[in-house]
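Listed below, chain by chain, are the residues.
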Amino acid sequence: MHWSEKIAAEIVARKPDKEEYVCAAGISPSGSVHIGNFRDVATSYFVVRALQKMGKKARLLFSWDEYDRCRKIPANVRAVVGDAYDKYIGSPYVDIPDPWGCHENYAQHFEEEFLTSMEKFGIPLDCRYQASMYRSGKYRQDILEALEKRGEIFEILDSFKTKDQSLSEEERKAQHDADKEKYYPVSIFCSECGTDFTTIDSLSDDGTEAEYTCTRCGHHGHFDFKSDTNCKLAWKVDWPMRWRYEGVDFEPGGKDHAAPTGSYNNAKVVSRKIFGFEPPMFQGYEFIGIRGSTGKMSGSTGLNLTPDTLLKLYQPEVILWLYSKTEPTRAFDFCFDDGILKQYFEFDRMLEACRSGKADELTQAIMYNCTVEGREVNPVPMSLLVQMGSVVDFNVPMLETVFEKIGTPYKEADFADRLERAKYWLEQCAPDQVNRLRTGRNWEVYNELTDGEKQEIADLHAYLAQGGYTLDELNTAIYAIPAKVRGLEAGTKELKTAQSQFFKTVYKLLIDKEKGPRLYLFLYAIETERYLKLLDFSTPMTEEEAAKPEVAEEPVVEEKVYGDPDPVEPIKPEIDIDHFGTMDLRVCKILKAQEIRKSANCLKLTLDDGLGERVIVSSIKHDYTCEELVGRKIIVVANLKPTRITGVTSNGMLLAGTNNACGCQVIFVDDRIPCGTQIK
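Residues numbered from 1 in each chain as written. Predicted model: local features only at pLDDT ≥ 70, side-chain atom pairs only at ≥ 80, totals over all residues. Heavy atoms only, no water.

## Examining the overall build of the protein
Each helix and strand in the protein was counted, giving 26 helices and 21 strands. The 680 residues of the protein split such that 48% are buried. Taking the intrachain contacts of the protein between residues at least 6 apart in sequence as the baseline, contacts between residues at least 24 apart amount to 70%. Total accessible area on the protein is roughly 34500 Å²; 50% of this is exposed by carbon and sulfur atoms. (Helix = DSSP H or I, 4+ residues; strand = E, 2+ residues; numbered from the N terminus. Buried < 20%, exposed > 50% of the residue type's maximum accessible area, 1.4 Å probe, protein only. Contact = heavy atoms within 4.5 Å. Areas by Shrake-Rupley, 256 points an atom, 1.4 Å probe, with all protein chains shown as cover.)

This is the structure:
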């Protein structure tokens, strides 16, 4: 049974007679919605589909938390407005102007960006805009109820907090009583500056009116909760309040919310004791990783991992499939390396199994979640489009001819949806894998060949020039050439080595690489006239070939500006070699790099340390992007005592140099050094 079906069955068991089930998700439009946040939507969406498959009425309620306060200005916004938007920190996102001026406000800009991409997934969302809900007075009675029970709410939330053990019992009680007296479950947005840098000075006896002071602008104001609406409940009160208001049956959340002292466990007690509502089922989920270098994407353009960005690489069905096949408690990666080709292959395999009637129940359930109304997936192998597409410069008629010649007569209608994605992946993520024919003969490689190797190239040229062969005959011929020239017996190790070297030489002469598409397919598919001249060394080198190729100018990269060097610190006290030997410094490769929710400075790095995988947390978020780090090798203090940093256990520390003259510079090591090598 699929994980979403298990959740759906439990929802129905809890409330078997409910007319309509509500599965919720929500996102704050603080910036472009990251693909990791999309797991919130996908998890609820699959549960809705599972309920509908059971014959139940269900909908996906999506909350735009646009009434949340702005905590910081994202880098891409700051690049447009500079420091001008710092004045909006503390304001609701809905009250901030759109930095690009194309929408009514900041929130709407990012909401529309996300909703447009959701249309491509065919996911229907029943949206709630929280600024409108609050300001229309729909939550007025709920706010008044929370104010009436503010003491009870404080006790619930306080019970989840870690107590300060440095204080005596009497001191803790005094602190508790003082905090309880000052606690209010609601924030007021200042009527003058529009921010929530306000403190409630007093509350009327009936809990309906307040006097407040704004610490930003100094304004003193009066607020009547019976008529004024420019306020918002605190998150752990707001969340359960909305559960009751909307009748929510299920809502997922990041694993930080699922922690023992996390938001959900706080909110569910508030839901029961304050609002008298049985909290919905909750499913914590792991965050999403990325794997592989992103080539050009990691340069000046940057990589913004929104759903719309990933749709340039992945078909919507494949993105849904990745979320569907992976249980929420497990992480998975979006791949910018060759892994994406493996993902497409596995998706196609499951799709074919379903279409042929050979899929098991779990596979059918996984693929059920991946259908997008109005679309049909044609599983033309992505690897084939990548390999052959680059050779013909992604020319559609030529590609159709290639497929016809190799016995897979795909037409443009079959591969158009994947072709642009294949091209985008090659050019943006893996430019080193583009296979393009040389424009002239490679004399540098040819002149290094032995007489026997030159004869092999001459024999291949002669065979190809005569034409008239079938695909199978060509395959047989290219394997036979090294055997004939070198007089080697079939099946011997020597012949296999010779054949491998022959293929490498041909690739280098044709595409400047030691490997490429299957050679016999490559030579058969591409028009012979396009490459035959590259294998013909019967005429002397031309003046053009003898001339040194022009070296392209390197693009000018704007360097960061740093300050004067820090003063040089004095040498620390001496240690002996035995003391130094207690430190385990070893080379590790960065397999994954992930941002950590709610951490402004830290990245979570998954490493290969030669023995297995380990996770470290490093405060280098402002100095490196995830894409710049993946695949690089670093030095790690491997035997440093594990510690919890921003909710993640860090098993080690990387080495870096930090100085005012250069910022933070991670110590990278040569890729030739194997993982696990100790630094001595």
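## Topic: the sheet that holds strand β16 (residues 633-637)
The strand order across the open sheet formed by 5 strands is β15-β14-β13-β16-β19, and the pairing between neighbours is antiparallel. Of all strands in the sheet, those with a lone pairing partner are β15 (613-618) and β19 (653-654), marking the two edges. One ladder, built from 2 bridges, connects β16 with β19; its direction is antiparallel. Paired with Val637 across the strands is Met653, a residue of β19. (Pairing = 2+ DSSP bridges.)

## Regarding the sheet that holds strand β5 (residues 198-203)
On the basis of which strands lie adjacent, the open sheet formed by 3 strands has the order β5-β6-β7 and antiparallel pairing. At either end of the open sheet lies a strand with only one pairing partner, and these are β5 and β7 (220-224). Between one strand and the next, the sheet's axes are offset by a mean angle of 30°, whatever the strand orientation. Pairing geometry for strand β6 (residues 209-214) and β7, over 5 bridges, is antiparallel. The residue bridging Glu211 from the neighbouring strand is His222, located in β7. (Axes fitted to C-alpha atoms, helices over the stretch in contact; angles between N-to-C directions.)

## Here we look at the pattern of salt bridges
Using the criterion set out here, one finds 42 salt bridges in the structure. With its nearest N and O atoms 2.7 Å apart, the salt bridge here joins Glu145 to Arg244. Of this pair, Glu145 sits in helix α6 (residues 140-148) while Arg244 sits in helix α9 (residues 235-246), and the two are 99 residues apart along the sequence. Relative accessible area serves as the criterion here: at 18%, Glu145 is assigned to the buried category. For Arg244, a relative accessible area of 26% puts it in the partly exposed group. Counted as one network, the salt bridges with shared partners bring together Glu20, Arg59, Asp126, Arg128 and Glu246. (Salt bridge = Lys/Arg side-chain N within 4 Å of Asp/Glu carboxyl O.)

## Regarding the packing of aromatic side chains
On inspection of all chains with the given rule, the structure shows 39 aromatic pairs. Taken together, a centroid distance of 4.9 Å and an interplanar angle of 80° make the contact between Tyr134 and Tyr139 edge-to-face. Both residues of the pair, Tyr134 and Tyr139, belong to the buried class. Ring centres of Trp239 and Trp243 lie 4.9 Å apart, and the angle between their planes is 55°; this geometry places the pair in the tilted category. Taken together, the positions of Trp239 and Trp243, both in helix α9 and 4 residues apart, correspond to about one turn of that helix. Here Trp239 and Trp243 have matching classes, each one buried. Through a chain of ring-to-ring contacts, the aromatic side chains of Phe38, Phe121, Tyr314, Tyr323, Phe332, Phe334 and Tyr344 assemble into a single cluster. Here the guanidinium or amino end of Lys405 rests over the ring plane of Tyr524, the centre of that ring lying 5.6 Å away. (Phe/Tyr/Trp six-rings, centres within 6.5 Å; stacked < 30°, edge-to-face > 60°. Lys NZ or Arg CZ within 6 Å of the ring centre and 35° of its normal.)

## Quick word on the environment of Asp256
Within the element layout of this structure, Asp256 appears in the loop between β9 (250-254) and α10 (263-273). Relative accessible area serves as the criterion here: at 25%, Asp256 is assigned to the partly exposed category. Linking Asp256 and Gly284, residues 28 residues apart in sequence, is a C-alpha distance of 7.9 Å.

## A few points about the pairing of strand β10 (residues 281-285)
Here β10 lies mainly inside the structure; 5 of its 5 residues are buried. Residues Met281, Gln283 and Tyr285 point to one face of β10 and Phe282 and Gly284 to the other, with burial holding for every one of them. Alignment of β9 against β10, held across 5 bridges, turns out to be parallel. Looking at the pairing, Glu251 lines up with Phe282 of β10. For the handedness criterion, the β-α-β arrangement of β9, α10 and β10 is classed as right-handed. (Right-handed = clockwise from strand over helix to strand, strands pointing away.)

## Some details on the confidence of the model for the protein
Confidence in the prediction of the protein, expressed as mean pLDDT, is 91, and 96% of residues score 70 or more. Segment residues 295-303 is flagged for pLDDT under 50; beyond a separation of four residues in sequence, or across chains, it makes 17 contacts in the model. Overall, residues 550-559 carries pLDDT values under 50, and its contacts beyond four positions in sequence, including any with other chains, amount to 0 contacts. (pLDDT = per-residue confidence, 0-100.)

## Side note on the packing of helix α19 (residues 451-466) against helix α21 (residues 493-511)
Where α19 meets α21, the closest approach of the two axes is 11 Å, and the angle between their N-to-C directions is 70°. With respect to their mutual orientation, α19 and α21 come out roughly perpendicular. Of the two possible hands of crossing, α19 and α21 adopt the one that is right-handed. Residues Glu453, Glu456, Ile457 and Leu460 of α19 form the contact with α21, whose own contacting residues are Gln501, Phe502, Thr505, Val506 and Leu509. Residues of the contact of α19 with α21, tallied by class, amount to 5 nonpolar, 2 polar and 2 charged. (Parallel < 35°, antiparallel > 145°, perpendicular 65-115°, else oblique. Left-handed = near helix turned anticlockwise from the far one by under 90°. Nonpolar A, V, L, I, M, F, W, Y, C, P; charged D, E, K, R; others polar.)

## Here we look at the packing of helix α12 (residues 316-325) against helix α14 (residues 361-368)
Packed helices, taken two at a time, are described by their axes: the angle between them and the distance between them. Between α12 and α14, the shortest axis-to-axis distance is 8 Å and the interhelical angle comes to 135°. Considering the angle they form, α12 stands oblique to α14. Along this stretch, α12 crosses α14, giving a crossing that reads as right-handed. For the pair formed by α12 and α14, the contact residues are Trp321, Ser324 and Lys325 on the first element and Ala365, Ile366 and Met367 on the second.

## Things to note about a nonpolar patch on the surface
A surface patch of nonpolar side chains, about 390 Å² in accessible area, is lined by Ile575, Ile577, Phe580 and Met583. On the basis of relative accessible area, Phe580 is assigned to the partly exposed category, the value being 34%. (Patch = residues over 30% accessible without salt bridge, like charges linked within 9 Å, V, L, I, M, F, W, Y side chains within 5 Å.)

## Things to note about α12
The element α12 is extensively covered by neighbouring structure, given that 9 of its 10 residues are classed as buried. For α12, every residue scored as buried is listed here: Pro316, Glu317, Val318, Ile319, Leu320, Trp321, Leu322, Tyr323 and Ser324.

## As for the state of the cysteines
Scanning the model with the defined rule gives 0 disulfides in all. Free of any disulfide, Cys231 has its nearest cysteine sulfur in Cys190, 14 Å distant. Cys335 takes part in no disulfide bond, and the closest cysteine sulfur, belonging to Cys429, lies 11 Å away. (Disulfide = S-S within 2.5 Å.)

## Notes on unusual backbone geometry
Positive phi, normally seen in glycine, also occurs at Asp512, with a value near 65°. For Asp512, the location among the structural elements is in the loop between α21 and α22 (519-525). At Thr646, a position not held by glycine, the phi torsion is positive, near 45°. Looking at the secondary structure, you find Thr646 in the loop between β17 (643-645) and β18 (648-650). Residue classification places Thr646 among the partly exposed positions, given a relative accessible area of 41%.

## Let's talk about the environment of Pro97
Mapped onto the elements of the fold, Pro97 is located in the loop between α3 (75-81) and α4 (106-121). Placed 282 residues apart in sequence, Pro97 and Pro379 show a C-alpha to C-alpha distance of 44 Å. Residue contacts for Pro97: discarding those within four places in its chain leaves Tyr85, Tyr88, Asn105 and Tyr106.

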